[in-house]
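# Breakdown of the fold
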Amino acid sequence: MRSRYAAYSLGLGDYLVNTLADAHPDRALPHEQLARSLSRARQAQRFLDLRILHTSTAADRGEVLFHARIFERGTDRSFAELSLFLREGSAWRYASGVLVPAERLPGDLRSLDRSAFLALAESVAARPEP
């Protein structure tokens, strides 16, 4: 997760594409087009901090719960995400994630464990912002 966050902040689109799981839907897009698009995130966003809140692995599956502080043209675009990674060969690859925007997160992230995050994500899905 840390390497993907750093890759976003540095505009390393090829790395981001290469670290997607084979079954990730974005893999259906042309590699060069996707890499170019992912590289551009750096131009509009400032990546300020990554905080890992929880990790777990079981066989070839891993989870990372993290909080990313990101600003885009002065607007806070920070979020927390529970990401699923799959081991493919000898590498871990990003498969999917459940995201909650910062404005829906508790003020104290130390209380945000996996169970609390999933309950929060479910409530956000049930009551989307107006």
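None of these values were measured; they are calculated from a predicted model. Starting from 1, residues in each chain are numbered consecutively following that chain's sequence as written. Only residues with pLDDT of 70 or above have their local features reported here, since the model is predicted, and side-chain atom pairs are shown and tallied only from 80 upward, although totals for entire chains, interfaces and linings are computed over all residues. Computation of side-chain values: all heavy atoms of the structure, hydrogens and water removed.

## What about the layout of surface pockets?
- Quantified by volume, the largest pocket comes out at close to 410 Å³.
- For each structure, a 1 Å grid was placed over the protein atoms alone; sets of points admitting a 1.4 Å probe that cannot get out are labelled cavities, open sets with protein on both sides within 12 Å along at least five of seven lines are labelled pockets, and lining residues have an atom within 4 Å of a point. Around the largest pocket sit 21 residues that line it, and Arg-4, Tyr-8, Phe-79, Glu-81 and Tyr-94 are the ones nearest its centre.
- Of all the secondary-structure elements, those providing two or more residues to the lining of the largest pocket are helix 1 (2-10), strand 1 (45-58), strand 2 (61-72), strand 4 (79-88) and strand 5 (91-101).
- Runs of E in the DSSP output that reach at least two residues are strands. Runs of H or I that reach at least four are helices, and both are numbered from the N terminus. The biggest single contributor to the lining of the largest pocket is strand 2, with four residues.
- Classification convention: Asp, Glu, Lys, Arg as charged; Ala, Val, Leu, Ile, Met, Phe, Trp, Tyr, Cys, Pro as nonpolar; all other residues, Gly among them, as polar. Residue classes in the lining of the largest pocket are distributed as 13 nonpolar, three polar and five charged.
- Grid points are joined across faces, edges and corners, and a volume is the space filled by probe spheres set on the points. Of the pockets and cavities examined, the second largest pocket occupies roughly 190 Å³.
- Considering the residues around the second largest pocket, the lining is formed by 13 residues, among which Met-1, Glu-63, Val-64, Phe-85 and Trp-92 are closest to the centre.
- Listed by contribution, the elements that provide at least two residues to the lining of the second largest pocket are helix 1, strand 1 and strand 2.
- By residue class, the composition of the lining of the second largest pocket is five nonpolar, six polar and two charged.

## Description of the pairing of strand 2
- In this scheme, strands are said to pair when DSSP sees at least two bridges between them. Sheet topology note: the strand 1/strand 2 ladder contains 12 bridges and is antiparallel. Note on strand 2: the bridge partner recorded for Phe-47 is Ile-70.
- Taken together, the eight bridges between strand 2 and strand 4 define a ladder with antiparallel strand orientation. Residue Glu-63 lies in a different strand from strand 4, and its bridge partner there is Leu-84.
- With two bridges joining them, strand 2 and strand 3 (residues 75-76) adopt antiparallel strand pairing. The residue of strand 3 that forms the bridge with Glu-72 is Thr-75.
- Two successive antiparallel strands, strand 2 and strand 3, enclose a turn made up of two residues, where Arg-73 displays a positive phi of approximately 50 degrees.

## Considering the nonpolar core
- Put simply, a nonpolar core is a bunch of buried Ala, Val, Leu, Ile, Met, Phe, Trp, Tyr and Cys residues held in one set by side-chain atoms that sit within 4.5 Å of each other. Residue exposure (1.4 Å probe, protein chains only): buried if accessible area is under 20% of the type maximum, exposed if over 50%, otherwise partly exposed. Within the largest apolar cluster, 18 residues are counted, with the highest numbers of intra-cluster contacts made by Tyr-5, Phe-66, Ala-68 and Ile-70.
- Listed by contribution, the elements that provide at least two residues to this core are helix 1, helix 2 (13-18), helix 3 (31-39), strand 1, strand 2 and strand 4.
- The element that contributes the greatest number of residues to this core is strand 2, accounting for four residues.
- Counting residues in each nonpolar core, the second largest holds 11 residues, with Leu-82, Val-100, Leu-112 and Phe-117 among its members.

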